[in-house]
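Read off the chains here:
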Amino acid sequence: MVQGTANWSTEQNKEWLQEYVNDWVSFYRKHTDDGKVADYIPLLKEADPNLLGISIIGTDGMKIRSGDVSQSFTLQSISKVLSFIVACMTRGVTYILNRVDVEPTGEAFNSIMHLEMKGPKKPFNPFVNAGAITVTSMLEGNTSDEKMAPIYNLLEKMLGYRPVLNVDIYESERDSSMRNRAIGYYLLETGFLESDLNITLETYFKQCSINITVDDLARIGVILANDGEDPDTKTEIIPRQVARIVKALMLTCGMYDASGKFATYVGVPAKSGVSGGIIAVAPPRVREEELPFMSGCGIGVFGPALDERGNSIAGIRLLKHIASQWDLSVF
């Protein structure tokens, strides 16, 4: 356990934390050799598998960052968190959850087997591809640009700038994602889609292809940790009910079919993407001893070398170590 004086926000203690995190990133960078970059989206194959970076932002304003923090990457499945938030804010929580369930699947994120085996029932949760595509179809707008607008608006409110679309990644996904097209056609046939199939898929590929950094992920995470309120401005950006539902889904469904193990061994809400990004949320907690980020924090991680489940292999091990050292678990 990291030891020190009670007030972790002091400059001296921040320096200690920075040194610890630097050492941890250096150690877990070696673990990138145990994974491999995603290869089913052609341009993702070009990522450097040895990259590893982390950014941590506390609700008290303290920031720790280490490793490859300046490297941009695309949201990929982390965008499912954003589209779900937008859909709930514009259509209402009840409307969305009547059409997409909140249960873990135990199957791969791009599987449609559970839909076919269970019959024409609603997708299991908004973080598997079938559920995310259904949610995207419920975004308001008649074109992909109109559907994307509220996602960009939400990001701009949280980050203070408007992220850009990585056009090359978008085109690579659009031209290679046969499985997602198959899922889309299945959802269309069974009546789940609420907008044109091509527009829905175009929007889905675009939301996955927004460029982001670990600092951005940590910033989004700290707002979720604070129940949707920006800790700097005290402005509500996401309704509290929506923020809490999102955190529950991240904890139970956010790490693909490894979500149960992640919840058990790391114990914080998180969502991963096959570009190697992970957003993690540590809500405020009460402990007998004083620990770093007691009032909550958001964590962004990037490590494009993935395990067999599609999660950043070094990123998960780094998060597990930090969660253990700082007792971040929600349990």
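Residues numbered from 1 in each chain as written. Predicted model: local features only at pLDDT ≥ 70, side-chain atom pairs only at ≥ 80, totals over all residues. Heavy atoms only, no water.

## As for the packing of helix α5 (residues 129-137) against helix α8 (residues 178-189)
The description of two helices packed together rests on the angle between their axes and the distance between the axes. Inclusion rule: Lines fitted to the C-alpha atoms define the axes, with helices restricted to the stretch that makes contact. Angles between their N-to-C directions range from 0 to 180 degrees. For helices the rule is a DSSP run of H or I covering at least 4 residues; for strands it is a run of E covering at least 2, with both sets numbered from the N terminus onward. In this scheme the crossing of two helices becomes right-handed for a clockwise turn of the near helix relative to the far one and left-handed for an anticlockwise turn of less than a right angle. We call two residues in contact when some of their heavy atoms are within 4.5 Å. Each residue is assigned to one class: nonpolar for Ala, Val, Leu, Ile, Met, Phe, Trp, Tyr, Cys and Pro, charged for Asp, Glu, Lys and Arg, and polar for all the others, Gly among them.
Direction vectors running N to C along α5 and α8 enclose 65°, while the axes themselves pass 10 Å from each other. Between α5 and α8 lies a crossing of right-handed hand. Side by side, α5 and α8 meet where Asn-129, Ala-130, Ile-133 and Thr-134 of the first sit next to Asn-180, Ile-183 and Leu-187 of the second. Here the contact of α5 with α8 is built from residues that sort into four nonpolar, three polar and no charged.

## Considerations on the environment of Ile-313
Counted only if it meets this: Three exposure classes are used, based on accessible area relative to the maximum for each residue type with a 1.4 Å probe and protein chains only: buried under 20%, partly exposed in between, and exposed over 50%.
Along the chain, Ile-313 falls in helix α13 (residues 313-326). A relative accessible area of 9% places Ile-313 in the buried class. Setting aside residues up to four positions removed in sequence, Ile-313 forms contacts with His-31, Thr-32, Asp-34, Gly-35, Ala-305, Leu-306 and Asp-307.

## Re the packing of aromatic side chains
The line we're drawing: Between 30 and 60 degrees the pair is tilted, below 30 it is stacked and above 60 it is edge-to-face, where a pair is any two Phe, Tyr or Trp rings, Trp via its six-membered ring, whose centres lie within 6.5 Å. Whether a charge lies above a ring is judged from NZ of Lys or CZ of Arg, which has to be within 6 Å of the ring centre and within 35 degrees of the ring normal.
In the structure shown here, the tally under the stated rule is six aromatic pairs. When the ring of Trp-24 is compared with that of Trp-326, the centres are 5.8 Å apart and the planes differ by 55°; the resulting orientation is tilted. In this pair, Trp-24 sits in helix α1 (residues 11-29) while Trp-326 sits in helix α13, placing the two residues 302 residues apart along the sequence. Comparing Trp-24 with Trp-326, the two get one shared label, buried. Members of the aromatic cluster, connected to one another through ring pairs, are Tyr-20, Trp-24, Phe-293 and Trp-326. Here Arg-99 stacks its cationic end above the ring of Tyr-95, 3.5 Å away from the centre of that ring.

## Focus on α13
Inclusion rule: Every helix has an expected span of 1.5 Å times one less than the residues it contains. Think of a polar contact as two N or O atoms within 3.5 Å of one another; within protein, one of them needs to be a possible hydrogen donor and the other a possible acceptor, and neighboring residues in sequence only count if both atoms come from side chains.
Under the 1.5 Å per step criterion, the end-to-end length of α13 is 20 Å for 14 residues, consistent within 8% with the ideal 20 Å. For α13, the complete set of buried residues consists of Ile-313, Ala-314, Gly-315, Ile-316, Leu-318, Leu-319, Ile-322, Ala-323 and Trp-326. One side-chain oxygen of the residue at the start of α13 lies 3.1 Å from the amide nitrogen of Gly-315, identifying that residue as Ser-312. Looking at the residues trailing α13, positive phi occurs at Asp-327, about 55°.

## Observations concerning the state of the cysteines
Condition: Only a pair of cysteine sulfur atoms within 2.5 Å counts as a disulfide in this structure description.
For the coordinates displayed, the defined rule picks out zero disulfides. Of all cysteine sulfurs in the structure, the one in Cys-253 sits closest to Cys-88, which takes part in no disulfide; the separation is 13 Å. Between Cys-208, a free cysteine, and Cys-253, which holds the nearest cysteine sulfur, the sulfur-to-sulfur gap is 17 Å. Judged by relative accessible area, which is 2%, Cys-208 ranks as buried.

## Remarks on the pairing of strand β7 (residues 297-302)
Here is the rule: The criterion for strand pairing is that DSSP finds at least two bridges linking the strands in question.
Taken across its six residues, β7 has six buried, putting it largely inside the fold. Of the two faces of β7, the one lined by Cys-297, Ile-299 and Val-301 and the one lined by Gly-298, Gly-300 and Phe-302 are each fully buried. Bridge count between strand β1 (residues 53-58) and β7: six bridges; the pairing is antiparallel. In the strand pairing of β7, Gly-58 is matched with Cys-297. One ladder, built from six bridges, connects strand β6 (residues 277-282) with β7; its direction is antiparallel. Paired with Gly-277 across the bridge in β7 is Phe-302.

## Concerning the packing of helix α2 (residues 79-91) against helix α6 (residues 144-159)
Just so we agree on the cut-off: Should an angle fall under 35 degrees it is called roughly parallel, over 145 degrees roughly antiparallel, and 65 to 115 degrees roughly perpendicular, with every other angle called oblique.
Between α2 and α6, the least distance of the axes is 9 Å, while the angle of their chain directions is 105°. When the interaxial angle is binned, α2 and α6 end up roughly perpendicular. Contact residues: α2 offers Leu-82, Ser-83, Ile-85 and Val-86, while α6 offers Pro-150, Ile-151, Leu-154, Leu-155 and Met-158. Looking at the contact of α2 with α6 residue by residue, the class counts come to eight nonpolar, one polar and no charged.

## Focus: the pattern of salt bridges
Side chains bearing opposite charge may pair, as long as their charged atoms lie close to each other. Condition: Each reported salt bridge corresponds to a side-chain nitrogen of Lys or Arg within 4 Å of a carboxyl oxygen of Asp or Glu.
Tallied over the full model, the rule gives 16 salt bridges. Note that Arg-240 and Asp-227 form a salt bridge whose closest N and O atoms lie 4.0 Å from each other. Placement of Arg-240 in helix α11 (residues 240-253) and of Asp-227 in the loop between α10 (214-225) and α11 is noted, with a sequence separation of 13 residues between them. Judged by relative accessible area, which is 16%, Asp-227 ranks as buried. Notably, a salt bridge pairs Asp-227 with Arg-244, separated by 2.9 Å at the nearest N-O pair. Of the two residues, Asp-227 is situated in the loop between α10 and α11 and Arg-244 in helix α11; the sequence distance between them amounts to 17 residues. Judged by relative accessible area, Arg-244 falls into the partly exposed class, the value being 45%.

## Describing the pairing of strand β2 (residues 63-67)
Sheet topology places β1 next to β2; five bridges connect them, and they run antiparallel. The residue bridging Ile-56 from the neighbouring strand is Ile-64, located in β2. A loop of four residues connects β1 with β2, the two strands running antiparallel in sequence, and Gly-61 in this loop sits at a positive phi of about 95°.

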